[in-house]
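# Overview (structure and organization)
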Amino acid sequence: VEFWMYPTANDSYRRIITSSSGGFTANDFVIRFDNGAFIGGATTATMISATLPKINEWCHVAWVGVGGTSQKLYFNGVLVGTTDGYNLTVPIILSPAHYNSGGEYYNGYLSDVRIVNGTALYRANFVPPSAPLTAVTNTTLLLSGDKSGIADKSGKGVLETVGDARVSTAIKKYGTASLYFDGTGDTLKIPASPNFQYTGD
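This section reports on the structure supplied with the text. In this numbering scheme, every chain counts its residues from 1 along its sequence in written order. The predicted nature of this model means local features are confined to residues of pLDDT at least 70 and side-chain atom pairs, given and counted, to a pLDDT of 80 or more, with totals for whole chains, interfaces and linings taken over all residues. Hydrogens and waters are ignored; side-chain quantities use all the structure's heavy atoms.

Here we have six strands laid out as an open sheet, ordered β8-β7-β6-β1-β10-β11, and antiparallel in their pairing. Lying at the two open borders of the sheet, with one neighbouring strand each, are β8 (78-83) and β11 (139-143). Here the strands of the sheet are splayed against their neighbours by 20° on average, with no regard to which way each runs. For two strands to be treated as a pair, DSSP must find at least two bridges joining them. We count a stretch as a helix when DSSP gives it H or I for four or more residues in a row; a strand needs E for two or more, and each element gets its number in order from the N terminus. Axes, fitted as lines to C-alpha atoms, cover a helix only where it is in contact. Angles between the N-to-C directions of the axes lie from 0 to 180 degrees.

In structure tokens form, the structure reads like this:
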């Protein structure tokens, strides 16, 4: 299982992948942004990494099962933890919510979610993909999230349109379109980020 994630809040338990719509199961993949990354249920969870994705930054996550029950966790292509004794079981549910409270959701974005069943794509450190993923052999799910009308092609910001701000192909300076704001409540929201804290040249 791999995906890009862009967390926007420093939250506690956030179950990202599960095989149950109820309480924690032994096969859950959980990220605690105040603690670490875990695999397992509420009382049997095993922390496999104290390294965490950074808030307001894209991070490539790969959770790879090798040889049955051995699990490897990679952040941005770097192995950050391993564990044994867990299986990725079906159904796999992308579940960005805490099991105990419907109001505690994962805050952020997921993109390029790919599940490959039968092939361990990553067995050692690797360079994360720099283009949208494709359906390789044994792909069972691929959510590209690459059809946004307005996108930051630097890959460092997640833009949100407010009102009816949109792309217009009628007038453009370069490429095939430009951003169109009609002057009535249209804005483009860019979340606060260290990328915009200018202290030098």
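Let's shift gears to the nonpolar core. Residues belong to one nonpolar core when they are buried, are Ala, Val, Leu, Ile, Met, Phe, Trp, Tyr or Cys, and are joined through side-chain atoms within 4.5 Å. Relative accessibility under 20% of the residue-type maximum defines a buried residue, over 50% an exposed one, and the middle range a partly exposed one, all with a 1.4 Å probe and only protein chains included. Of all hydrophobic cores here, the largest spans 11 residues; its members are Val1, Phe3, Met5, Ile48, Cys59, Val61, Trp63, Leu73, Phe75, Val113 and Ile115. For this core, the secondary structure elements donating two or more residues are β1 (2-7), β6 (59-66), β7 (70-75) and β10 (108-116). Among the elements that make up this core, the one with the highest residue count is β6 (three residues). The next biggest cluster of nonpolar side chains, apart from the first, holds seven residues, and it includes Val64, Tyr74, Ala120 and Phe126.

Turning our attention to the pattern of salt bridges. Two side chains of opposite charge can pair, provided their charged atoms sit close to one another. Salt bridges are identified by distance alone: a Lys or Arg side-chain nitrogen within 4 Å of an Asp or Glu carboxyl oxygen. Under the definition given, this model contains two salt bridges. The shortest N-O distance in the salt bridge between Glu2 and Arg114 comes to 2.6 Å. Of the two residues, Glu2 is situated in strand β1 and Arg114 in strand β10; the sequence distance between them amounts to 112 residues. Neither residue differs from the other here; Glu2 and Arg114 are each classed as buried. For Asp164, the salt bridge goes to Arg166, with nearest N and O atoms at 3.5 Å. Take Arg166: its relative accessible area is 39%, and that puts it in the partly exposed class.

On the surface, a cluster of nonpolar side chains totalling about 230 Å² of accessible area is made up of Val167, Leu179 and Phe181. Secondary-structure assignment places Phe181 in the loop between β14 (178-180) and β15 (187-189). Under the relative-accessibility criterion, Phe181 is labelled partly exposed at 38%. Patches in this entry comprise residues that are over 30% relatively accessible and not in a salt bridge; like charges within 9 Å are linked, as are nonpolar side chains (Val, Leu, Ile, Met, Phe, Trp, Tyr) within 5 Å. Accessible areas in this description were obtained via Shrake-Rupley with a 1.4 Å probe; residue shielding takes into account the shown protein chains only.

Within a regular strand, the side chains alternate between the two sheet faces. Sheet topology note: the β7/β8 ladder contains five bridges and is antiparallel. Bridge pairing links Gln71 to Thr83 in β8. What sits between β7 and β8 in their antiparallel hairpin is a turn of two residues, with Asn76 showing a positive phi close to 50°.

Our focus in this paragraph is the pairing of β7. In terms of residue burial, β7 counts as a mostly covered element, since five of its six residues are buried. When β6 meets β7, the two strands line up antiparallel, connected through six bridges. Counterpart to Val64 in the pairing with β7 is Lys72.

What follows is about the packing of aromatic side chains. Two rings from Phe, Tyr or Trp (for Trp, the six-membered ring) form a pair when their centres are within 6.5 Å of each other. A pair whose planes differ by under 30 degrees is stacked, one over 60 is edge-to-face, and the rest are tilted. With the rule as written, the count across this model stands at three aromatic pairs. One aromatic cluster is present, formed by Tyr74, Tyr122 and Phe126 through successive ring pairs.

Among the structural elements, Ser168 can be located in strand β13 (residues 166-168). Within 3.5 Å is the distance limit for a polar contact, defined as a pair of N or O atoms, with the added protein rule that one can donate a hydrogen and the other accept it, and that residues adjacent in sequence qualify only through two side-chain atoms. Within the structure, Ser168 has its side chain in polar contact with the backbone nitrogen of Ala170 (distance 3.2 Å). The contacts of Ser168, once residues within four sequence positions are left out, are Ala177, Ser178 and Tyr180. In this description, contact between two residues means that some pair of their heavy atoms is separated by no more than 4.5 Å.

On to unusual backbone geometry. Phi is positive for Asn76, close to 50°, though the residue is something other than glycine. Unusually for a residue other than glycine, Asn138 sits at a positive phi of about 75°. Mapped onto the elements of the fold, Asn138 is located in the loop between β10 and β11. On the basis of relative accessible area, Asn138 is assigned to the partly exposed category, the value being 34%.

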